[in-house]
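Structural overview for review
Take a look at the letters that make up each chain.
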Amino acid sequence: MKWEVIGKVMLCFPILEIDVRIGKSPFPHKETFTMNDLTGLRVFCEIVESGGLTAAGNRLGMAPPMVSKHLARLERGLAARLLNRTSRSMSLTEAGRIFHEHAMQALDILDAGVAAVSHVSGPPRGELKISAPVWIATPRFAALIADYRQRYPEVRLDVYLENRMVDLVAEGFDLALRMNNDDSQSLISRQLCEVAFYCVAKPEFLAQSATQNHAAALHLPALIMPNHMQFGRPKMPAAGMLVGPEQPVAMRSSDTTLSYHAVLAGIGAAFLPSWLVSDDLASGRLVHYGDAGKAYQGHLFAVYPSRRHQPLKLRSFIDFLVENL
C-alpha cells in the first residue's frame, strides 16, 4: 500500500515534527488514532492533576475501573509505563513526565478549537458545578442566577453552599466563589467585588448587654462565632474591637445563615456580610456595633482550575459576575 504524506503537524509532542500519513497513528504500535485514545489523554492528565485514579474519576464522572482501563490502554499504545503505582502512592515515570507536558499542550490546543467553534456554533451549554459560601444564599444572588439563566438558558448551575475550602480538581468543581485569593499555582483567582462585613446585633440585645457589662466600650457583647475562628489574636477585622480568650461566646456555627437568624433571635452579636444584613440595618431591625465606617472590607474571588482555555460555560459565568457585581 502506498502512503501519501498530507502534511506535518505538531501533535502531542510539539518539539517534534511528525509526518501524518493517511491511516497512520502517532502511537507507534497502532494503525489508527481513535476517540478512545483522546479520552485516554484526558484521563491521564486528570490523574496527574488530581493526584489519583479515584479523584480523576470523580472529576470526569467515570468509575475508577474505567479510569484504569483507559490508562492501561494508553500505556499499551505508547509501549511505555507512564505512572509508578502502589496501593499508597503514585508518581510519574520519566516517560510519563515528558508525555504529560506535551499531552496537556495538545489538549489545550484542542480545547481552544472547541471553544472557538462554540462561539460560532452556539451559546454556552452544559452543567457548571460551583462551590460558594453559605452566606451567598440571598435574594441578590438568586436574582443574579435568574438573570444569567435568562441570558444563557442552556447552562445548568449546580451550586454547593458550604463554608469550607473544597478541592476543586479532586471534587470535580468548575468554579469556587471565595473570600480569599488562592495562591495555589494550580488555580486562578479573579476578583469580582468587595463585600463589607459588619458587627451587628438587635438593638434590644445591645441595650441589655450594656447594662450588664461596663467594659462594653472595649469588648464586644457575647458573640456568635464561626466554628473555624481561633481566639488569641488581639483584634477582630473591624472597628479595632478586642477579642481575647476571655471574650464571651454565646454560640458557634459553621452555617452563616444560622448565625444570622441567631442574631435576629437576640442570642448575640456577629460579623455578617452586608449581603445578608443590609435590609435589616436599613429598617432598624439590626444595628451596627462599633463604627460602621470601619467594617471589614473583604473581596469576593472567582477561583477555578488553571487551564489555558476555559470552557465557554465557565468563562460566560465569570464574565457575567464581573459585569453585574
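Owing to the predicted nature of the structure, the values given are computational and were not obtained by experimental measurement.

Here we come to the overall build of the protein. Within the protein one finds nine helices and 13 strands. Relative to its 325 residues, the protein shows a buried fraction of 41%. Sequence separation of at least 24 residues holds for 71% of the intrachain contacts in the protein that already meet a minimum separation of 6. As displayed, the protein offers around 17,500 Å² of accessible surface, 54% of which is attributable to carbon and sulfur atoms.

Now for the confidence of the model for the protein. With 72% of its residues at a pLDDT of at least 70, the protein reaches an overall mean of 76. Throughout residues 214–218 the model reports pLDDT below 50, and contacts reaching past four residues in sequence, or to other chains, amount to three contacts.

The next point concerns the pattern of salt bridges. On inspection of all chains with the given rule, the structure shows seven salt bridges. Of the charged contacts in the structure, one is a salt bridge between arginine 164 and glutamate 171, with a shortest N-O distance of 2.7 Å. Notably, a salt bridge pairs arginine 190 with aspartate 319, separated by 3.0 Å at the nearest N-O pair. Of this pair, arginine 190 sits in strand β8 (residues 187–201) while aspartate 319 is found in helix α9 (residues 312–324), placing the two residues 129 residues apart along the sequence. Taking relative accessible area as the criterion, aspartate 319 reaches 34% and is therefore assigned partly exposed. A single salt-bridge network, built from bridges that share partners, covers Glu162, Arg164 and Glu171.

To continue, consider the side chain of serine 316. Looking at the secondary structure, you find serine 316 in helix α9. Overall, the relative accessible area of 7% leaves serine 316 in the buried class.

Attention now moves to helix α8 (residues 274–283). Among all positions in α8, only Ser274, Trp275, Leu276, Val277, Asp280 and Leu281 are buried. Lining the buried residues of α8 we find α5 (139–151), β8, α7 (256–264), β11 (270–273), β12 (287–288) and β13 (296–305). Glycine 284 sits one or two positions beyond α8 and adopts a positive phi of about 85 degrees.

Further remarks concern the packing of α5 against α9. Remark: α5 packs on α9, axes separated minimally by 11 Å, with the N-to-C direction vectors making an angle of 130 degrees. Judged by the inter-axis angle, α5 sits oblique to α9. The interaxial crossing formed by α5 with α9 has right-handed handedness. Touching Leu144, Asp147, Tyr148 and Arg151 of α5 are Lys313, Ser316, Phe317, Phe320, Leu321, Glu323 and Asn324, all from α9.

This part is about α9. The α-helix winds at 3.6 residues per turn, so residues separated by three or four positions along the chain end up facing the same way. Compared with the 18 Å implied by 1.5 Å per residue over 13 residues, the 18 Å span of α9 between its first and last C-alpha is a close match. Restricting attention to buried positions, one finds in α9 the residues Leu312, Lys313, Leu314, Ser316, Phe317, Ile318, Phe320 and Leu321.

Before going further, it helps to examine the pairing of strand β7 (residues 175–178). By the alternation rule, side chains of β7 split into Leu175 and Leu177 and Ala176 and Arg178, which are all buried. Sheet analysis places strand β5 (residues 126–132) next to β7, joined by two bridges and oriented parallel. The residue of β7 that forms the bridge with isoleucine 130 is leucine 175. Pairing of β7 with β13 involves three bridges; the strand directions are antiparallel. Directly across from alanine 176, in β13, lies its bridge partner valine 303.

Before going further, it helps to examine the packing of aromatic side chains. Inspection of every chain in the model, using the stated rule, returns seven aromatic pairs. A ring pair is formed by tyrosine 148 and tyrosine 152, whose centres lie 5.0 Å apart and whose planes are at 50 degrees; its orientation type is tilted. Arranged with centres 5.5 Å apart and planes meeting at 70 degrees, the rings of tyrosine 148 and phenylalanine 320 form a pair that is edge-to-face. Residue tyrosine 148 is found in helix α5, and its partner phenylalanine 320 is found in helix α9; the two are separated by 172 residues along the sequence. Note on tyrosine 148: relative accessible area 0%, which makes it buried. By relative accessible area, which is 3% here, phenylalanine 320 ends up buried. Counting every residue linked through ring pairs, the aromatic cluster contains Tyr148, Tyr152, Phe317 and Phe320. The positively charged end of lysine 129 is found above the aromatic ring belonging to tyrosine 160, 5.2 Å away from the centroid.

Note that lysine 313 resides in helix α9. This buried residue, lysine 313, is left without a salt bridge; aspartate 174 holds the nearest opposite charge, at 4.4 Å. Excluding anything up to four places from it in sequence, lysine 313 contacts Pro124, Arg125, Gly126, Glu127, Leu128, Tyr148, Val155 and Asp174.

Moving on, we get to the packing of α7 against α8. Running from N to C, α7 and α8 cross one another at 20 degrees; their axes reach a closest spacing of 11 Å. Classified by the angle between their axes, α7 and α8 sit roughly parallel to one another. Both α7 and α8 take part in a crossing whose hand is right-handed. Here α7 contributes Thr256, Tyr260 and Leu264 to the contact with α8, which in turn contributes Leu276, Val277 and Asp280. A per-class count over the contact of α7 with α8 returns four nonpolar, one polar and one charged.

About the criteria used
Residues numbered from 1 in each chain as written. Predicted model: local features only at pLDDT ≥ 70, side-chain atom pairs only at ≥ 80, totals over all residues. Heavy atoms only, no water. Helix = DSSP H or I, 4+ residues; strand = E, 2+ residues; numbered from the N terminus. Buried < 20%, exposed > 50% of the residue type's maximum accessible area, 1.4 Å probe, protein only. Contact = heavy atoms within 4.5 Å. Areas by Shrake-Rupley, 256 points an atom, 1.4 Å probe, with all protein chains shown as cover. pLDDT = per-residue confidence, 0-100. Salt bridge = Lys/Arg side-chain N within 4 Å of Asp/Glu carboxyl O. Axes fitted to C-alpha atoms, helices over the stretch in contact; angles between N-to-C directions. Parallel < 35°, antiparallel > 145°, perpendicular 65-115°, else oblique. Left-handed = near helix turned anticlockwise from the far one by under 90°. Expected span 1.5 Å × (residues − 1). Pairing = 2+ DSSP bridges. Phe/Tyr/Trp six-rings, centres within 6.5 Å; stacked < 30°, edge-to-face > 60°. Lys NZ or Arg CZ within 6 Å of the ring centre and 35° of its normal. Lys, Arg positive; Asp, Glu negative; His and termini not counted. Nonpolar A, V, L, I, M, F, W, Y, C, P; charged D, E, K, R; others polar.

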